[in-house]
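Below are the chains, spelled out letter by letter.
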Amino acid sequence: MNGITDMGLCSLIDALDGKKLSATEATRACLDRIKATEDLNNFITVCEDEALKAAAAADARRKSGERGGLLGVPIAVKDNISTRGVKTTCASAFLSDYVPPFDATVVDKLKAAGAVIVGKTNMDEFAMGSTNENSHFSAAHNAADATRVTGGSSGGSANAVAARQVFAALGSDTGGSIRQPASYCGTVGLKPTYSAVSRYGLIAFASSLDQIGPFARTSEDALRVLGTIAGKDSRDSTSTDKLDLPDKLSGKVKGRTFGIADELLSGAASDVKTAFERTVALLEDNGAKIKKVKLGSVDAALAVYYVISSAEAASNLARFDGVKYGRRASGYRDIAELYTLSRTEFFGDEVKRRIMIGNYVLSSGYYDAYYLKASKIRTVIKREFDAALGCCDAILSPTVPTVAPKIGAQVDPAATYLSDVYTVPVNIAGLPAVSVPVGRSADGMPIGVQAIGKAFCDGDLLDTARAIETVTEGCGNA
Ligand code: GLN
């Protein structure tokens, strides 16, 4: 490993501000590392020329006295977030040559803060999946063990941070796609409160659940990125300005109360359970109070999620028809056949499965039984979380029931859906949650703990993450 890419994001900014390093050198180091570790397959597009130009511009801005923000920090962006002039494929054959004419708001904000976007990361097609194996560009390989998956859908982003290819990355989380790969790869991954970050320019999967958030090596680094991308945006009417973020995290443990719910622990593998229980015990030893909380309806969350997210996906993906966006099949005789052939040829199996489920649950005669019922249970789940969070600062759980499985090991889609069992309820409730690495399994794979916070208290949640990092520092295998 080279010394520059081993630095954390905040240390990099200090080094850049102290003129110990230039943005061009930092960017070069990342590009070299991406090249040297390209077998991980974390990137769909590496934008070397644009990145070196942006780095030179950041160096010039710093020379003229500018400081702060993410000036000169190399960052990666998930490939479902629109980047002007740079391919944005959603890891789909449909969009394999799509170049957006505009930047997503988060990309605008990163650029304004001086960040250097080095590339677009691998993912499950249209963010549907939990292993990155649903990518048209083939799966990414976990940096901790190349025979294992990175998780998904933001697998490339999580793994790029873990592999020291970039200092931070953006992902999107609809049912766990930031936290789950963060846990599998051993990075911090934050899903902000729904509406804290603009979704303008994020290619939609399920609009009432999707949220963009950061991956970084530490909670402090994640805070920097969140501070840059959060806020109200006139181009996303659901976005808000309600986050009140601190400049620094305290990592205070004493005086904090954490909730534990049996419902978010059942089914965890023994090494995951051991690492989780050790984390809880360490927090308690350091002065935190631990309380049992009840989330009686979360066992329905996966079913609710697959009804609602698939219904929204079926509507959102109706726009991909071979006419307006992306590729067009040949050999059609009329417009109906143009749609059918294009959608048949260019969507992958998992995307087709979700569209079929979505159209089914929305169809007349089934709407009340599925979609309406799921929406009602969603309200119940949300209320249960609000009640539980009324008596603690955050709820703790493992992020995922297991460590990263082997590539090719999961063949049954329903079994794969189970890996989201602890993360999905959070999106249904619209709350912020973070995954923090807390140790490794006996075979050396990263394990994460999830902390779920109160709506719009993302800063406080990152403080909990900092507390977890502090108490688990140096923890070895479970
Ligand atoms: N794995 C879940 C799914 O396949 C979550 C995906 C996501 O959060 N984008 O739907």
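Refer to the structure presented above.
Attention here is on the structure that accompanies the text. Keep in mind it's a predicted model, so treat the numbers as computed, not measured. (Residues numbered from 1 in each chain as written. Predicted model: local features only at pLDDT ≥ 70, side-chain atom pairs only at ≥ 80, totals over all residues. Heavy atoms only, no water.)

Another point: empty space enclosed by the protein. Counted according to the given criterion, the structure contains one cavity of 30 Å³ or more. Empty space within the largest cavity amounts to approximately 100 Å³. Lining the largest cavity are 16 residues; nearest its centre among them are Gly129, Ser130, Ser177, Tyr305 and Asp420. Looking at the lining of the largest cavity residue by residue, the classes come out as seven nonpolar, seven polar and two charged. (1 Å grid on protein atoms, 1.4 Å probe; cavity = no way out; pocket = protein on both sides within 12 Å on 5 of 7 lines; lining within 4 Å. Points joined across faces, edges and corners; volume = space filled by probe spheres on them. Nonpolar A, V, L, I, M, F, W, Y, C, P; charged D, E, K, R; others polar.)

A few words now on the layout of surface pockets. Of the volumes computed, that of the largest pocket is approximately 700 Å³. Of all the secondary-structure elements, those providing two or more residues to the lining of the largest pocket are helix H2 (9–17), helix H6 (155–162), helix H8 (219–229), strand E10 (433–440), strand E11 (446–452) and helix H16 (458–472). It is E10 that provides the largest number of residues to the lining of the largest pocket, a total of four residues. Taken together, the residues that form the lining of the largest pocket break down as 14 nonpolar, 10 polar and nine charged. (Helix = DSSP H or I, 4+ residues; strand = E, 2+ residues; numbered from the N terminus.)

On to the site of the ligand, then. The environment of the ligand is formed by 15 residues, the closest being Thr174, Gly175, Ser177, Tyr305 and Arg354. Contacts to the ligand include Gly129, whose backbone N or O atom sits 2.8 Å from an oxygen atom. Within the backbone of Thr174, one N or O atom sits 2.8 Å away from an oxygen atom of the ligand. Notes on the ligand: free accessible area 300 Å², of which the protein chains cover 100%. Judged by the fraction of its atoms near the pocket grid, the ligand is located in the largest cavity. Of the residues belonging to the shell around the ligand, the class tally is five nonpolar, seven polar and three charged. (Near = heavy atom within 4 Å. Polar contact = N/O pair within 3.5 Å; in protein donor to acceptor, adjacent residues only side chain to side chain. Areas by Shrake-Rupley, 256 points an atom, 1.4 Å probe, with all protein chains shown as cover. Sits in = over half its atoms within 2 Å of the grid points.)

So, on to the packing of helix H3 (residues 23–36) against helix H4 (residues 48–63). Helix-helix packing is described using two parameters, namely the angle between the two axes and the distance between the axes. Put simply, H3 and H4 touch, their axes get as near as 8 Å, and they point 155 degrees apart. As summarised for this structure, H3 and H4 are arranged roughly antiparallel, according to the angle between their axes. By crossing handedness, the relation of H3 to H4 is classed as right-handed. Together, Ala23, Thr24, Thr27, Arg28 and Leu31 of H3 and Glu48, Ala51, Leu52, Ala55, Ala56, Ala58 and Asp59 of H4 make up the contact between the two elements. (Axes fitted to C-alpha atoms, helices over the stretch in contact; angles between N-to-C directions. Parallel < 35°, antiparallel > 145°, perpendicular 65-115°, else oblique. Left-handed = near helix turned anticlockwise from the far one by under 90°. Contact = heavy atoms within 4.5 Å.)

Right, let's get into the sheet that holds strand E8 (residues 289–292). Here we have 11 strands laid out as an open sheet, ordered E1-E3-E2-E4-E6-E5-E10-E11-E9-E7-E8, and mixed in their pairing. The open sheet is flanked by strand E1 (43–46) and E8, the only strands paired with a single partner. Across the sheet, the mean angle separating the axes of adjacent strands is 30 degrees when strand polarity is ignored. In the sheet, strand E2 (residues 74–78) pairs with strand E4 (residues 168–173) via three bridges, with the strands oriented parallel. Considered in E4, the bridge of Val77 is made with Leu170. The strands that H3 touches are E1, E2 and strand E3 (116–121); relative to E3, the one it contacts most, it runs at about 20 degrees. Across the face of the sheet, H16 comes into contact with strand E5 (188–191), strand E7 (257–260), strand E9 (394–398), E10 and E11 while running at roughly 5 degrees to E10. (Pairing = 2+ DSSP bridges.)

A complete count under the given rule lists 27 salt bridges for this structure. Residue Glu48 pairs with Arg28 through a salt bridge whose shortest N-O separation is 3.2 Å. In this pair, Glu48 sits in helix H4 while Arg28 sits in helix H3, placing the two residues 20 residues apart along the sequence. What makes Arg28 partly exposed here is its relative accessible area of 33%. When the shortest N-O distance is used, the salt bridge between Asp386 and Lys382 registers 3.6 Å. In this pair, Asp386 and Lys382 are both assigned in helix H13 (residues 368–389), four residues apart and thus about one turn of the helix distant. A residue is classified by how much of its surface remains accessible, and Asp386, at 39% relative accessible area, is partly exposed. By relative accessible area, Lys382 is classed as partly exposed at 34%. Each of Asp145, Arg148, Lys406 and Asp443 takes part in one network of salt bridges that share partners. (Salt bridge = Lys/Arg side-chain N within 4 Å of Asp/Glu carboxyl O. Buried < 20%, exposed > 50% of the residue type's maximum accessible area, 1.4 Å probe, protein only.)

This next bit is on the pairing of E10. For E10, the buried fraction is high: six of the eight residues fall into the buried class. Taken together, the three bridges between E5 and E10 define a ladder with antiparallel strand orientation. In the sheet register, Gly189 faces E10, and the bridge partner there is Ser435. Of the pairings in the sheet, the one linking E10 to E11 comprises seven bridges and is antiparallel in character. Directly across from Val436, in E11, lies its bridge partner Val449. The antiparallel hairpin formed by E10 and E11 contains five residues in its connecting segment, where Gly444 sits at a positive phi of about 85 degrees.

A few words now on a nonpolar patch on the surface. Taken together, Val323, Ile335 and Tyr339 make up a surface patch of nonpolar side chains, about 260 Å² in accessible area. Tracing the chain through its elements places Val323 in the loop between helix H10 (301–316) and helix H11 (335–346). (Patch = residues over 30% accessible without salt bridge, like charges linked within 9 Å, V, L, I, M, F, W, Y side chains within 5 Å.)

Moving on, we come to the packing of aromatic side chains. Centre-to-centre distance and the angle between the planes together describe a pair of aromatic rings. Going through the model one piece at a time under the given rule, you end up with 14 aromatic pairs. Ring centres 6.3 Å apart and planes at 85 degrees place the aromatic pair Tyr98 and Tyr325 in the edge-to-face group. Residue Tyr98 is located in the loop between E2 and helix H5 (105–112), and its partner Tyr325 is located in the loop between H10 and H11; the two are separated by 227 residues in the primary sequence. With relative accessibility at 16%, the residue Tyr98 sits in the buried group. Of the aromatic side chains, those joined through ring pairs into one cluster are Phe94, Tyr98, Phe126, Phe320, Tyr325, Phe346 and Phe347. (Phe/Tyr/Trp six-rings, centres within 6.5 Å; stacked < 30°, edge-to-face > 60°.)

What follows deals with the environment of Ser234. Relative to the helices and strands, Ser234 resides in the loop between H8 and E7. For Ser234, a relative accessible area of 76% puts it in the exposed group. Through-space distance from the C-alpha of Ser234 to that of Tyr200 is 9.3 Å; in sequence the pair is 34 residues apart.

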